[in-house]
Amino acid sequence: MSRRAVGSDVLIIGAGPAGLAAAYRVVESGVGASVVDDNPDVGGQIWRGEKEKPSTPEAAAWFEKIRKSKINFINGARVFQQPQSGLLLAECENDVCELSYQKLILATGARERFLPFPGWTLPNVMGAGGLQALVKTGFAIDGKKVVVAGSGPLLLAVADYLTRKGAEVIAIAEQASRANLFRFGLGLINQRGKASHAYKLKKRLRGVKYLIGCWVVAAHGVEKLERVTLQQAGRRFDVACDYLACGFHLVPNLELAELLGCSIEDGAVRVDEFQQTSVENVYSAGESTGIGGLELSLVEGEIAGLAATGQTPKARALFSNRDKQRRFGHLLNRTFELRRELRDLPLNDTIVCRCEDVSFERLRTSSSWREAKLHTRCGMGPCQGRICGTAVEFLFGWNVESVRPPVFPVRVGSMGGET
Amino acid sequence: MPEEVVVVVDGVLVRMPVGSMVSAAIMTAGVSSFRRSVSGEARGLLCGMGICFECRVTIDLQPHCRSCQTVCQNGMDIRTCE
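If you're wondering where the values come from, they're calculated on a predicted model, not measured in any experiment.

Caption draft 1: Focus on the overall build of chain B. Scanning chain B from terminus to terminus reveals 1 helix and 7 strands. For 82 residues, the compact-globule estimate of 2.2 N^0.38 gives 12 Å, and chain B sits close to it at 12 Å. Overall, the C-alpha framework of chain B stretches about 40 × 25 × 20 Å when taken along its three principal axes. For chain B, long-range pairs separated by at least 24 residues make up 36% of all intrachain contacts whose partners lie at least 6 apart in sequence.

In structure tokens:
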């Protein structure tokens, strides 16, 4: 595998809103920045495909700023190892990039939380963001029946997007309680922009049932999804559908931060007021430091970019906005806290680890993540526990830790030296 | 009409808009089972963002490619469940 060296003053991992905002602030000061992302294009998940067609004035403004900036983008590159401090390796389509840096900003974003229930492994049961990404990247959903389920504001955004693309969204099943959502609405009164955004979304989705305190207990079908069973207020009922888009809010992507030895606290990268991690010269911004939404990611990215280039007063000027966005983040996470009934969804034969087909029954008797890995191979497949690890943290309260390089499966040739 | 690319999914020609992902082409071909799990279950796309590895297929004879992270190129030979 051939190797290519890329040196950067500031290296940014992740081309979502936080990474882009950081890069913009870095190059604005005349310092060089490279942004590495494993997706084929920039924007991360929330701004996927929006470089060409921005859906909001805010996205348009940011992409305009980025277009005018001299940022070195390396797309389709997946960071998998740190051979020494100040150097990362990324696997690209045809070669391996040796990324050296003075300062590093981790903007690795978040993924959906998936929870096991009977039938969740059936084809056409996907993440909410998963189905949206599929449609954004070329799949025509018009005329298809979709149930959107799980938890979090993403469900509304996905339902709205799919409806505009011609899907028939039969229902949105939100597991959070009515009381929680009511408090969330009250909490938004102090944030005019967010309240009006939520209001507009709900108005556009007028024809779609928003079932509160409702969740999927099973998906049914032969070889692919045919219907789902929903539960609300103790009552169960079946709904026929082509697709189930189901995700339970978001969890930060921490693997790279863990590999670098950054302290993790409450399931997020721990940072100081300048977004610096516990490791010198390594910063983190956006959802990797805790789920808080787009605005928080942007302002954290800006602060990280400013701090990494020594522009302390400018960074400090953004603290009050960050505080406000963090309050929204806390409100968000309290509102969409998972109800304990979701722990009872898997049956004995329900698969929990999808890579190695490990059932709930086989895991239930283990006392820890480590023991489960040793005895059942849970979390030892290609996703390296990214899906099941998050699930067992919730199901069993296990502490899921210990990443090992490579943090992603790579080609054998990428691991060795010169070949 | 937007520009198109033509790929082959399990021997069937599929036309997709330029820039589409292989995962979208597979679904457009009417295939929902991308791979078989270690115990033989049908599996399809889950996360859509390169994390879960459920959507891996064979592309131009290279196995284990994540179809949700691979952009369609003209003439690509895509095979599911190999």
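Caption draft 2: Looking closely at the overall build of chain A. On a plain count of helices and strands, chain A comes out with 14 helices and 21 strands. In terms of overall dimensions, chain A is globule-like: its C-alpha atoms have a radius of gyration of 21 Å, near the 22 Å expected for 419 residues. When the backbone C-alpha atoms are referred to their principal axes, chain A occupies close to 60 × 50 × 35 Å. Residues classed as buried in chain A amount to 48% of the 419 residues present.

Caption draft 3: View of helix α4 (residues 153–164) of chain A. All names here are of chain A. Its 12 residues place the ends of α4 17 Å apart at the C-alpha level, agreeing with the 16 Å of an ideal helix rising 1.5 Å per residue. The set of residues buried in α4 consists of Leu154, Leu155, Leu156, Val158, Ala159, Asp160 and Leu162. Two residues or fewer after α4 comes glycine 166, characterised by a positive phi angle close to 95°.

Caption draft 4: Expanded view of unusual backbone geometry. Even without being a glycine, A:Ala233 presents a positive backbone phi close to 50°. Taking the C-beta count within 10 Å as the criterion, A:Ala233 has 8 such neighbours and is therefore assigned exposed. For B:Phe53, which is not a glycine, the phi torsion comes out positive at approximately 65°. Among the secondary structure elements, B:Phe53 is positioned in the loop between β4 (42–43) and β5 (56–59). Classification of B:Phe53 as buried rests on a count of 23 C-beta atoms within 10 Å.

Caption draft 5: Seen up close, the sheet that holds strand β13 (residues 227–232) of chain A. All names here are of chain A. On the basis of which strands lie adjacent, the open sheet formed by 3 strands has the order β12-β13-β14 and antiparallel pairing. The strands lining the two open edges of the sheet, one partner per strand, are β12 (214–220) and β14 (235–240). Sheet twist, expressed as the average angle between the axes of neighbouring strands with direction ignored, equals 25°. Alignment of β13 against β14, held across 6 bridges, turns out to be antiparallel. Bridge pairing in β14 links threonine 229 to aspartate 238.

Caption draft 6: Quick peek at the sheet that holds β5(B). Residue and element names in this part refer to chain B. The sheet built from 5 strands is open, its strands ordered β2-β1-β7-β5-β6 with mixed pairing. Bordering the open sheet on either side are β2 (12–17) and β6 (62–66), each of which pairs with just one other strand. When strand polarity is set aside, the average angle formed by the axes of neighbouring strands in this sheet is 40°. Here 3 bridges tie β5 to β6, and the two strands are oriented antiparallel to one another. When the sheet's bridge partners are listed, valine 57 is paired in β6 with cysteine 65.

Caption draft 7: Structural view of the environment of A:Asp272. For A:Asp272, the location among the structural elements is in the loop between β18 (268–269) and β19 (282–284). Between the alpha carbons of A:Asp272 and A:Ser284 there is a distance of 9.6 Å; along the sequence they are 12 residues apart.

Caption draft 8: A look at the interface of chain A and chain B. Listed by partner, the interface residues are 30 residues for chain A and 31 residues for chain B. For the side of chain A that touches chain B, the element with the most residues is helix α3 (residues 128–136) of chain A, which contributes 5 residues. The residue inventory of the side of chain A that touches chain B, partitioned by class, reads 12 nonpolar, 9 polar and 9 charged.

Caption draft 9: Region of interest: the domain arrangement of chain A. Per the domain assignment, the segments of chain A are domain 1 (2–111 + 251–333), domain 2 (114–248) and domain 3 (346–396). Each of domain 1 of chain A and domain 3 of chain A has a C-alpha centre, and the two are 31 Å apart.

Caption draft 10: Examining the pairing of β2(B) more closely. Residues and elements named next belong to chain B. Note that strand β1 (residues 4–9) and β2 share 6 bridges and pair antiparallel. Looking at the pairing, valine 5 lines up with methionine 16 of β2. From the end of β1 to the start of β2, which pair antiparallel, there are 2 residues, and aspartate 10 there has a positive phi angle of about 50°.

Caption draft 11: Seen up close, the confidence of the model for chain B. Confidence along chain B averages 96 in pLDDT terms, with 98% of residues attaining 70 or more. Scoring of the predicted complex yields 0.95 for pTM and 0.97 for ipTM.

Caption draft 12: Geometry of the environment of B:Arg15. Residues and elements named next belong to chain B. Following the sequence through the fold, arginine 15 ends up in strand β2. Distance from arginine 15 to cysteine 72, taken between C-alpha atoms, is 9.9 Å for residues 57 residues apart in sequence. With residues near it in sequence (within four places) discarded, arginine 15 still touches Glu4 and Val6.

Caption draft 13: Geometry of helix α10 (residues 319–335) of chain A. Residues and elements named next belong to chain A. Here α10 contains 17 residues, and its C-alpha end-to-end distance of 24 Å stays within 8% of the 24 Å for a straight helix at 1.5 Å per residue. When we look at burial in α10, the residues that qualify are Arg322, Gln325, Gly329, Leu332 and Thr335. The buried side chains of α10 occupy one side of the element, clustering within an arc of 140° when seen end-on. Exposed and oriented more than 90 degrees from the buried face of α10 are Ser320 and Asp323.

How each quantity is defined
- Residues numbered from 1 in each chain as written.
- Chains lettered and ligands numbered in written order.
- Predicted model: local features only at pLDDT ≥ 70, side-chain atom pairs only at ≥ 80, totals over all residues.
- Helix = DSSP H or I, 4+ residues; strand = E, 2+ residues; numbered from the N terminus.
- Rg over C-alpha atoms; globule rule 2.2 N^0.38 Å.
- Contact = placed C-beta atoms within 7 Å.
- Buried ≥ 20, exposed ≤ 12 C-beta atoms within 10 Å, placed from the backbone.
- Expected span 1.5 Å × (residues − 1).
- Pairing = 2+ DSSP bridges.
- Axes fitted to C-alpha atoms, helices over the stretch in contact; angles between N-to-C directions.
- Nonpolar A, V, L, I, M, F, W, Y, C, P; charged D, E, K, R; others polar.
- Domains from an automatic or database assignment.
- pLDDT = per-residue confidence, 0-100.
- Arc of directions from axis to C-beta.

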